[in-house]
Structures are given as C-alpha cells and as structure tokens.
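As a plain string of letters, each chain reads:
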Amino acid sequence: MDENKIKVGIIGVGNCFAGLIQGIEYYKQNRDKEPIGLMHKTVGSYKFDDIEFTSAFDVGENKIGKSLDQAVCSTPNLVKWVDLPKSEVMVKEAPVLDGIGIYVENKIKPLPNPTNSDILKNQIEEEIKSTGTEILVNYLPVGSQKATLFWAAMALKTKCAFINCIPEFIASEEKLAELFKKQGVPIIGDDIKGQVGATIVHRVLARLCNDRGATIDKTYQLNVGGNTDFLNMKEQERLKSKKISKTESVTSQVEKEISAENVYIGPSDFIPFLGNTKLAFIRIEGKMFADIPYSMELRLDVDDKANSGGIVVDAIRCAKLALDRGIGGYLDVSSYFMKHPLVQKTDSEAKQIVEEFIE
Ligand SMILES: NC(=O)c1ccc[n+]([C@@H]2O[C@H](COP(=O)([O-])OP(=O)(O)OC[C@H]3O[C@@H](n4cnc5c(N)ncnc54)[C@H](O)[C@@H]3O)[C@@H](O)[C@H]2O)c1
C-alpha cells in the first residue's frame, strides 16, 4: 500500500461527490496554475491528489455496477466541470433503509431485487477491507437516519475514520462520539459547512453584530436550489435535524438569545432550473447605539457543490492525519468544517484549531 495515499470510500455517489472528485481532477489537470479555492495546498504531508477513491456505495440502479467515473455523470447528478479518467472502482450496492424520500422517488430508482441485508452487510465489509479503504465519507440524502447509523456502525467495525457530511447527529451526539473514541476511530461531523455558504456568511455577520454591541432581534435565511438535495428537502419530515443544524450554527454566534419565533433558517424551496446553484437570502434586524434600529439584507449566489468539495478535501486529509497519529473519537476540527459539531466555536477560533491540529 502506498503510504502517502489516502484511501477513501464514498457513501452516496451524488452531486456532492461529483463535485469533490471533479474538483480534485480539475486541480490535477491544472497543476501549472495557482490552485485557486483550495484552503490548504498541503495538510501535513498530504496534497489534494493524495486522495484516492477506493470504494463507493449507492442505491441507484443506474449507478450500481458502473465504474466511478461513469456513475458520477449518471442522472440525476448535474456536476459537469471536467472529464474524469477511467476508474477501476465499481459502485457497489448499499442498503436503501430510509435513503430515498418521496419527492426524489422518480429520480432515484433502487434495484428491483435488492440483496438480502445480512449478505449485503458482509459484502460491504469485504469491499471496504479488500480495497484498503480507511476513511468513509457519508453523502446520504437528508433524513437518512437509519442508513447513517448503519454506515457509522460499519465504520466502527472496519476501523475506518468517518466523515459525516449530513445533518444526522453522530459526531455531535456525545454517546456515539464516545463509541468512536473507545474503538480508536476518528470521526468528523456533522453536516458540512460550505466554503462560502449561507451558514458561514450568516454566522460571521451575526458574530459581527454581536461583537459590535448591536442586538439581533430577528433574522432569517431562505435557501433555494434545483438539485435532488433541495428536492428531497421539500419533505418536511426529513428536515428536522437540518433545521436544527442550520439554526444552531447561526444562533450559537450570538450571546443574547433570539427567541425561536424570531429566527427562521432553513431550506425553503426547489426551483428546478437552478440546478446546483444555490441562492440564499439573509436578513438581520436589530438595534444599535441609542436603541436605534438597523437592518441588512444579503443575497448569496453560489455553486453548492464547489461549496462542499472545498471543505471535504481538507476534512479527509485531517481524518488521515488522525489515523496516522492514532487519534480516535471526535475531532475538534469539526468546529471549522461542520455546521453541527459537538462544540460550537467562533470561526476564527475554529480555524486556529485546524491550523494547530495540522501542525
Ligand atoms: N453544500 C452542500 O452541498 C451540502 C452542505 C451540507 C450538507 N450537504 C448534504 O450532503 C448530502 C449529499 O448531498 P448531494 O447533493 O450529493 O445529494 P444527492 O441527492 O445528489 O446524492 C445523494 C446520493 O445518495 C444516494 N443514496 C440515496 N439513498 C442511499 C442509500 N440508502 N445508500 C447509499 N446511497 C444512497 C443517491 O442515489 C444519490 O446518488 C445531503 O444530505 C446534503 O444535504 C450538502
């Protein structure tokens, strides 16, 4: 095994993964240029191209059995930044459990005759072990609580570091984080905080108002997009933890509590023609010197998948450093990479933690 390679397994070969793998390929194809948008050229000794995707799991019948480069370009994925070289990795079947929501049913079709769950579990374990996969990245749809627990247990069993990019609370749930610590398995989570996404922008603005002595009396953040993630999030039942994750991420930055009826933060609608473009509308209103009111409005227009890839490319390399150093359990770097870490920090404190961890 090449010591300097990072062997990563993917759970959910959707748009986020398509952005991550095509982003890495973009930098490979443009080595002579400054790597714009990469937060760290190296993390420890690891460069972006030390990341190798060694296994991948999905439920879509049009993705299972395809090579990774083909699966990434299969519907309903939308990312088309660069052509990928042929991959030897074949996408393998995953258990559906609660993975597919009602709104995406006609876009993601599982196998008509899925493999028996015990057999599947053994096959997955075998695939992880035989490919030398050492880190699992969870990109399941919002609302996949059972499926996420399945994969967290699989990470523990196979001693793979677990990066939980979705708003199911694993790393931020003390008892579960404790399990990872006991087994010496690193975990980073939960719910990726985009590189320049609505959450980080809203957090930083909220912190700014707080630090300058102004109150925040009311605030909202409306988000719309046109990919399967947004379509799936039309299902309110699947959204509970997403709303908690997004709301706590912002309100944690303000000392004076904002009453629940005065905060609205969440995915708001699906607009098909937006594709992977995500629009966020943020409003903050409050009082400043002499009780004088102020307000601000911001519109963010950003590619949702560049947003997640820019973070996960560093989270993977930090997870690998933890494996190299024999560190298990919850990793503090989660405060920088994730919306719902075990402990919320300000983003400048969290950045410091990442830099110190890397050193
Ligand atoms: N900026 C961001 O894009 C961002 C930020 C935070 C969190 N997230 C979260 O990351 C996750 C992935 O987002 P995405 O845009 O790639 O979604 P997506 O809908 O494009 O991809 C999900 C993939 O998972 C597969 N899948 C469904 N059920 C499965 C199961 N049981 N087992 C294995 N695979 C299954 C689908 O077939 C699909 O390929 C979502 O939960 C999203 O909310 C994304």
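Every chain is numbered on its own, with residues counted from 1 as its sequence reads. Where totals are concerned, whole chains, interfaces and linings use all residues; where local detail is concerned, this predicted model gives features only for residues with pLDDT of at least 70, and gives and counts side-chain atom pairs only at 80 or more.

## Overview of the site of the ligand
- Any residue whose backbone-placed C-beta atom lies within 6 Å of a molecule or strand is treated as near that molecule or strand. For the ligand, the set of nearby residues contains 35 residues, the closest of which are Gly 12, Gly 14, Cys 16, Ala 94 and Gly 99.
- Numbering of helices and strands runs from the N terminus, with a helix taken as a DSSP run of H or I at least four residues long and a strand as a DSSP run of E at least two residues long. For the shell around the ligand, the secondary structure elements donating two or more residues are α1 (15–29), β4 (51–58), α7 (228–232) and α9 (304–325).
- In terms of residues, the shell around the ligand owes the most to one element, α9, which gives 4 residues.
- Taken domain by domain, the makeup of the shell around the ligand includes at least three residues from each of domain 1 (6–193 + 306–358) and domain 2 (198–304). For the domains described, the bounds stem from an automatic or database domain assignment.

## Structural notes on the nonpolar core
- Val 137, Ile 163, Ile 187, Ile 188 and Ile 316 are the most contacted members of the largest nonpolar core, which totals 80 residues.
- Both domains that meet at this core, namely domain 1 (6–193 + 306–358) and domain 2 (198–304), each give it at least three residues.
- Any residue pair is listed as a contact if its two C-beta atoms, each placed from the backbone, are within 7 Å. If sequence neighbours within four positions are ignored, Ile 188 has contacts with Ile 163, Ala 171, Ala 315, Cys 318, Ala 319, Leu 331, Val 333, Ser 334, Phe 337 and Met 338.
- By our criterion, buried Ala, Val, Leu, Ile, Met, Phe, Trp, Tyr and Cys residues that link up through C-beta atoms within 7 Å make up a nonpolar core. With C-beta atoms placed from the backbone, the exposure class of a residue follows from how many other C-beta atoms lie within 10 Å of its own: 20 or more, buried; 12 or fewer, exposed; in between, partly exposed. Core analysis: the next-biggest nonpolar cluster, separate from the first, contains 10 residues, Ala 198, Val 250, Val 254 and Ile 265 among them.

## Regarding the environment of Phe 150
- Within the secondary structure, Phe 150 is located in helix α4 (residues 145–158).
- The class of Phe 150 is buried, set by 22 C-beta atoms lying within 10 Å.
- A C-alpha to C-alpha distance of 9.2 Å links Phe 150 and Lys 121, two positions 29 residues apart in sequence.
- Discounting chain neighbours no more than four positions away, the residues touching Phe 150 are Pro 95 and Leu 97.

## Some remarks on the environment of Ile 21
- Note on placement: Ile 21 falls in helix α1.
- Look at Ile 21 and you get buried, because 25 C-beta atoms sit within 10 Å.
- Taking C-alpha positions, Ile 21 is 9.3 Å from Val 313, a pair spaced 292 residues apart along the chain.
- The contact partners of Ile 21, leaving out residues within four places of it in the chain, are Phe 53, Val 72 and Leu 84.

## Regarding the domain arrangement of the chain
- Assigned domains of the chain: these are domain 1 (6–193 + 306–358) and domain 2 (198–304).
- Domain 1 and domain 2 are separated by 25 Å when their C-alpha centres are compared.
- In this complex, domain 1 contributes 27 residues to the contact, which on the side of domain 2 involves 28 residues.
- With 3 residues, α9 is the largest single contributor of residues to the side of domain 1 that touches domain 2.
- Here the nonpolar group is Ala, Val, Leu, Ile, Met, Phe, Trp, Tyr, Cys and Pro; Asp, Glu, Lys and Arg are the charged ones; every other residue, Gly included, is treated as polar. By residue class, the composition of the side of domain 1 that touches domain 2 is 11 nonpolar, 9 polar and 7 charged.

## A few points about the pairing of strand β7 (residues 161–164)
- The side-chain alternation of β7 yields two buried faces, one formed by Ala 161 and Ile 163 and the other by Phe 162 and Asn 164.
- Bridge analysis of strand β6 (residues 135–138) against β7 gives 4 bridges, and the strand direction is parallel. Its bridge partner being in β7, Asn 138 is matched across the sheet by Asn 164.
- Direction of pairing for β7 relative to strand β8 (residues 186–189): parallel, over a ladder of 3 bridges. By the bridge assignment, Phe 162 is partnered in β8 with Ile 187.
- The definition of a right-handed crossover adopted here requires that, viewed with the strands pointing away, the path from the first strand over the helix to the second runs clockwise. On the question of chirality, the crossover connecting β7 to the parallel β8 by way of helix α5 (residues 174–182) is right-handed. Strands pair, by our definition, only if DSSP identifies at least two bridges between them.

## Describing α9
- One less than the residue count of a helix, multiplied by 1.5 Å, gives the span that helix is expected to have. End to end, α9 covers 32 Å across 22 residues, agreeing with the expected 32 Å (1.5 Å per residue, within 8%).
- Gly 326 sits one or two positions beyond α9 and adopts a positive phi of about 70 degrees.

## Section: the sheet that holds strand β5 (residues 91–93)
- Taking strand neighbours across the sheet as the criterion, the 7 strands line up as β5-β4-β1-β6-β7-β8-β13 in an open arrangement whose pairing is parallel. With partners counted over all chains shown, the strands left at the sheet margins are β5 and β13 (329–330), one partner each.
- Relative to β6, strand β1 (residues 6–11) runs parallel, the two being bridged by 4 bridges. Paired with Val 8 across the two strands is Ile 135, which belongs to β6.
- Axes, fitted as lines to C-alpha atoms, cover a helix only where it is in contact. Angles between the N-to-C directions of the axes lie from 0 to 180 degrees. Lying over the sheet, α4 contacts β1, β6 and β7, oriented at roughly 170 degrees with respect to β6.

## Let's talk about the sheet that holds strand β10 (residues 263–270)
- The strand order across the open sheet built from 4 strands is β10-β9-β11-β12, with neighbouring strands paired in mixed fashion. In the strand order of this sheet, the two ends are held by β10 and β12 (292–303), each with one partner. Taking the axes of each pair of neighbouring strands and ignoring which way they run, one obtains an average angle of 10 degrees across the sheet.
- With 12 bridges joining them, strand β11 (residues 277–288) and β12 adopt antiparallel strand pairing. Its bridge partner lying in β12, Ala 280 is registered against Leu 300.
- Each of β9 (218–225), β11 and β12 is contacted by helix α6 (residues 198–211), which is oriented at about 10 degrees to β11, the strand it contacts most.

## Points about unusual backbone geometry
- For the bond running from Thr 75 to Pro 76, omega is 0 degrees, close enough to zero to count as cis.
- Within the secondary structure, Pro 76 is located in the loop between α2 (68–72) and β5.
- Omega for the peptide link from Gly 189 to Asp 190 comes to 0 degrees, which places this bond in the cis form.
- Examined against the element boundaries, Asp 190 turns out to sit in the loop between β8 and α6.
- Positive phi is not limited to glycine here, since Asp 191 has a value of about 75 degrees.
- As for its placement among the helices and strands, Asp 191 is situated in the loop between β8 and α6.
- We note that Asp 291 has phi near 65 degrees; this positive angle belongs to a residue other than glycine.

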